[in-house]
Amino acid sequence: MAVHMPDSMLKCLYDHLTLSPAELVKKRIRVFSEWTSWAKDLQRDEIALKNPMNPDARVLLTQKRIMLMKKVAQSMAWPDLAVFDEMSQGFRISGSATKSNIFQTGLKAASMSEEQLMRDTNFMRPALLGKIRSQRDDEFSRELFEMTVEEASNKRWLQGPLTPTQVSDVVGDKWMPVRRFGILQKEKLRPIDDFKENQVNDTFSRAEKVTLYALDYLIWAVLALVRLYKSGGEFSYTLSTGERLVGHVHQDWLSCDSEFLITALDLKSAYKQLPLHPKDQAKAVVSLWSHQHNDVRCFVTKTLPFGAAGSVHNFLRVSAFLHAAGCQLGILWSNYFDDFPIVTHQKNTSSTMVAAKGLLSLFGFTYAQDKLNPFGKQTEVLGVVVDLADTPKGAVRVTNKPSRVDDLTVALNDILGAGSVVPSQLPSILGKLQYADAQVWGRAGRLALAQLRELGHTSTQRVQLDPCQLQSFDILKRRLCSGKPRKFVADVVEKPWIIFSDGALEYKDGKAIATIGGVAFPPGGRPEVFGGFVPDDLMSRWQAGGKTHVIGLVELYAGIVSLLHWKPRITSSRVILFVDNWPALDVLVKGTSIEPEWRDMLLCIEDPEEDQFMLWLARVPSPSNLADHPSRGLRSLKVLVQARLIKQKVQGTESIAMHEDDRLRLEEGAAIAAARQEELNAAGVVMAVPPPPTEEFEGFSFPPATFAAGQNAIVTRSSGEESGCYILEVFLTALGPLYTVYLGSAEDGTYITKNCEESDLRAWT
């Protein structure tokens, strides 16, 4: 996890480990005093910066110390200095976003130019205004208009109300309305501006994918501190630059309990604290129905609007800087949009709270004082309850907050009671379920969530649920209602369990014979092996309807049997499961499939009381899969001679015994190899290594391809079925050949292609 942590948090952790509680307070005072001194020195520069600003930006930025923030950023070598220049001018929500160099690379290209959007205002504007008039009477329209007028008259976030004609006088003839609607959250109406509908979001492009430093970063940091405060000694962290932070835990931490406390700080009306660039105000004219005027009324937006993709990107640039500056002050916090969960040792609660509040006040940002609670052993943040009461015992617990559980339980009971759903009513519950799933649920509930998404969200017709869907929803409800928190333990990081699984499908006298195998390497223990047959009744069910080559299902079955067999022994452990079939890996990672047979098997590992082992899934090339031999009867097994053969039956499979002659030969061969190795070691023989590289580059060597471009072949599809294909391209790589194959044409005439590896192809017969 440390390799994914931002450098600012790793440096903050370093301070919390190497400095005593008193030294940490002194450092905060020293840094904050220096920044306060800089603020005084830069007062004239701040005034000079704001005087020529456009009036809208100047009003919003009155309290912001932009020059101070820029100097602090320079002192930290912060890579995104352009954010402060853009803040002073107003942020753009259309066009190409500035590359900040603080987020991961991830291109999202605009599908429409700004010029095209403004040309389309001639027909888009009347269409959007007409839609508002046709939907004039909804339950929130009066309250929503009153809120909007409040934003304009008292908060000065908007200019209005205006008639469409008056808007043209303010911003020109080319302007685009954005329809405002309301969403009820916690009995409070929240206005949303639909920038997807008016296509402004289609004009925004970026070259980065934003990174959110959510709870997982903070919980990992707490566990790291708890573990090191208990064990002491040397530690090291590697920054993104390659620099290593090496230090020793300060002795003062070893003599006190690892009692940590938590709270959460929210920015108040976060987006509204930042200005919108004047060039984009004509693209952000908030429009809604006015009962007072019995017509549409419009408001020109002055701040970053909620609902614009550009607002998200630019606000997160600002919040990322605030997070990094806080870490520089020794504040151990994370950042999720406008929420800043903060953790502190109980010895430093006062200092931490003063530092966090002082930082935002010094920079000129307003936080929600009414939501800021004193540090405590638990707090509600980001829709969950984080419980640090057992940090002295080395544990952190996370669970969904009770009010969310109650709401979702009612919704799931309604679905199960009716045995059906209305897709148009799903978006709200789906969003809440997805968020709850992301926080604490793990694998249980994946199928139900996927099935909700597959039902769509527009139809008003009731859809009946089949037995598999009802079972997955019941698992989801039982997991949710159990209230069992997810527990994270600050134990010594052990090696993970390594598990290989494999399935084989061969034919004898025209009958398909499917076998599976698994190999496990427990940390510090002897490897274990099993092999078995797939029951005939399962094979008959899978091959119903004319399906024959069901190797994907066999491979998935092997992986699930492996997990279920070793599950009692991998409690709270890290597990890496290797499979050598792409379709099986795909559905295991996603936790769902469009094929009912695959979903039926996935239900086997959707346990509402599931153990919380941490599973990582990866593909292994077939020639490197250690489970290949066990899946074929344990013959020719050389690398696992010392493995303990598993005697018991596994989930209905029949065990395959190794022939006594094979076992004796393997043991004899292993003994000879071991004796010879001891002789070589005693003689001082060392392993051969490649010769040093020469001055001249001799080229790379890649494994050859079995198939050629222009050749027909048979490919295994994502569903596990096989079909004919035409090989379009062949790519030689260090990991083996990769292929692009043509599968046919869709109904609209577009080509259907698939990228695959050599193991997915077999010769055309």
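As recorded in an unreviewed UniProt entry, the protein goes by Reverse transcriptase domain-containing protein and comes from Durusdinium trenchii.

Along its length, the protein carries 23 helices and 30 strands. Burial analysis of the protein (765 residues in total) assigns 49% to the buried set. Pairs at least 24 residues apart make up 72% of the contacts formed inside the protein by residues separated by at least 6 positions. Accessible area of the protein: about 37,500 Å², with a carbon and sulfur share of 52%.

A word on the sheet that holds strand 9 (residues 260-266). In spatial order, the strands read 9-13-12; together these three strands make up an open sheet with antiparallel pairing. At either margin of the open sheet sits one strand with a lone partner, and together these are strand 9 and strand 12 (332-333). Along the sheet, helix 14 (residues 349-363) contacts strand 9, strand 12 and strand 13 (339-345); its crossing angle with strand 13, the most-contacted strand, is approximately 150 degrees.

In a packed pair of helices, the relevant descriptors are the angle between the two axes and the axis-to-axis distance. Running from amino to carboxyl end, helix 1 (residues 7-18) crosses helix 2 (residues 21-41) at an angle of 135 degrees, the nearest separation of the two axes being 8 Å. Considered as vectors, helix 1 and helix 2 are oriented oblique to each other. Mapping the contact onto sequence places Asp15, His16 and Thr18 in helix 1 and Glu23, Leu24, Lys27 and Arg28 in helix 2. Considered class by class, the residues forming the contact of helix 1 with helix 2 number one nonpolar, two polar and four charged.

Bringing a positive patch on the surface into the picture now. On the surface, Lys155, Lys186, Lys188, Arg190, Lys268 and Lys371 cluster together into a patch of positive charge. The class for Arg190 is partly exposed, based on a relative accessible area of 35%.

Two orientations exist for strands paired in a sheet by backbone hydrogen bonds: parallel and antiparallel. Pairing in this open sheet of four strands is antiparallel, and the strands run 14-15-16-19 from one edge to the other. Looking at the sheet topology across the chains shown, the edges are occupied by strand 14 (378-381) and strand 19 (486-489). Recorded for the sheet is a direction-independent mean angle of 20 degrees between the axes of neighbouring strands. Sheet analysis places strand 15 (residues 384-387) next to strand 16 (residues 395-400), joined by four bridges and oriented antiparallel. Bridge assignment links Val385 to a residue of strand 16, and that residue is Thr399. Most of the contacts of helix 11 (residues 215-231) go to strand 16, to which it runs at about 160 degrees, and overall it touches strand 14, strand 15, strand 16 and strand 19.

What follows covers helix 21 (residues 582-590). Side chains of residues three or four places apart in an α-helix project in the same direction, reflecting 3.6 residues per turn. Considered for burial, the residues of helix 21 that qualify are Pro583, Ala584, Leu585, Val587 and Leu588. Residue Asn581 occupies the N-cap position of helix 21, its side-chain oxygen lying 2.9 Å from the main-chain nitrogen of Ala584. Looking one or two residues past helix 21, Gly591 carries a phi angle of roughly 75 degrees, positive in sign.

Looking now at the side chain of Ser351. Looking at the element boundaries, Ser351 is found in helix 14. Of note is the side chain of Ser351, whose polar atom sits 2.9 Å from the side chain of Arg28. Each residue touching Ser351, except ones within four places of it in the same chain, is listed here: Val25 and Arg28.

Turning our eyes to something else, we now look at the packing of aromatic side chains. Counted by the stated rule, this structure contains 19 aromatic pairs. On the basis of an interplanar angle of 40 degrees and a centroid distance of 5.0 Å, the ring pair of Tyr271 and Phe315 is categorised as tilted. With Tyr271 in the loop between strand 9 and strand 10 (285-290) and Phe315 in helix 13 (residues 309-328), the pair connects residues that are 44 residues apart, well separated along the chain. For Tyr271, a relative accessible area of 9% puts it in the buried group. Centroid distance Tyr336 to Phe337: 5.1 Å. Interplanar angle 80 degrees. Geometry classified as edge-to-face. Three or more aromatic residues joined by ring pairs form one cluster here, namely Trp35, Trp78, Phe84, Phe321 and Phe363. Above the plane of the ring of Phe365 lies Lys64, whose end atom (NZ or CZ) is 4.8 Å from the centre. Arg190 extends its terminal NZ or CZ atom over the ring of Phe306, reaching a point 4.4 Å from the ring centre.

Another aspect to go through is the side chain of Ser311. On the secondary structure map, Ser311 appears in helix 13. Among the residues examined, Ser311 registers a relative accessible area of 0% and is labelled buried.

For the rest of this paragraph, the subject is the nonpolar core. By size, the foremost hydrophobic cluster in this structure holds 128 residues, and its most contacted members are Trp35, Phe321 and Phe363. Here this core gets 13 residues from one element, more than from any other, and that element is helix 11. If sequence neighbours within four positions are ignored, Phe363 has contacts with Trp35, Gln63, Lys64, Arg65, Leu68, Met69, Val72, Phe321, Leu322 and Ala325. With 37 residues, the next largest nonpolar core counts Trp542, Val554, Leu585 and Trp598 among its residues.

At the junction of Gly160 and Pro161, the peptide bond is cis and its omega measures out at 5 degrees in the coordinates. One non-glycine residue, Arg156, lies in the positive phi region at around 60 degrees. Mapped onto the elements of the fold, Arg156 is located in the loop between helix 9 (141-153) and strand 3 (158-162). Using a relative accessible area of 53% as the deciding quantity, one classes Arg156 as exposed.

On to the confidence of the model for the protein. Confidence in the prediction of the protein, expressed as mean pLDDT, is 84, and 83% of residues score 70 or more. Looking over the protein, one finds the lowest element-wise mean pLDDT in strand 25 (residues 644-645), namely 46, and the highest in helix 5 (residues 66-75), namely 98. Every residue in residues 635-658 is under pLDDT 50, and counting partners more than four places away or in other chains gives 61 contacts.

This paragraph deals with the pairing of strand 11 (residues 295-301). Strand 11 sits mainly inside the fold: six of its seven residues count as buried. Bridging between strand 3 and strand 11 involves three bridges; their strand directions are antiparallel. Paired with Gln159 across the two strands is Val300, which belongs to strand 11. Bridge count for strand 10 against strand 11 is six bridges, and the pairing is antiparallel. Directly across from Ser290, in strand 11, lies its bridge partner Asp295. Linking strand 10 back to strand 11 in an antiparallel pair, the connection comprises four residues, with Asn294 at a positive phi of about 55 degrees.

About the cut-offs
Residues numbered from 1 in each chain as written. Predicted model: local features only at pLDDT ≥ 70, side-chain atom pairs only at ≥ 80, totals over all residues. Heavy atoms only, no water. Helix = DSSP H or I, 4+ residues; strand = E, 2+ residues; numbered from the N terminus. Buried < 20%, exposed > 50% of the residue type's maximum accessible area, 1.4 Å probe, protein only. Contact = heavy atoms within 4.5 Å. Areas by Shrake-Rupley, 256 points an atom, 1.4 Å probe, with all protein chains shown as cover. Pairing = 2+ DSSP bridges. Axes fitted to C-alpha atoms, helices over the stretch in contact; angles between N-to-C directions. Parallel < 35°, antiparallel > 145°, perpendicular 65-115°, else oblique. Nonpolar A, V, L, I, M, F, W, Y, C, P; charged D, E, K, R; others polar. Patch = residues over 30% accessible without salt bridge, like charges linked within 9 Å, V, L, I, M, F, W, Y side chains within 5 Å. Salt bridge = Lys/Arg side-chain N within 4 Å of Asp/Glu carboxyl O. Lys, Arg positive; Asp, Glu negative; His and termini not counted. Charge placed at Lys NZ, Arg CZ, Asp CG, Glu CD. Polar contact = N/O pair within 3.5 Å; in protein donor to acceptor, adjacent residues only side chain to side chain. Phe/Tyr/Trp six-rings, centres within 6.5 Å; stacked < 30°, edge-to-face > 60°. Lys NZ or Arg CZ within 6 Å of the ring centre and 35° of its normal. Core = buried A, V, L, I, M, F, W, Y, C linked by side-chain atoms within 4.5 Å. pLDDT = per-residue confidence, 0-100.

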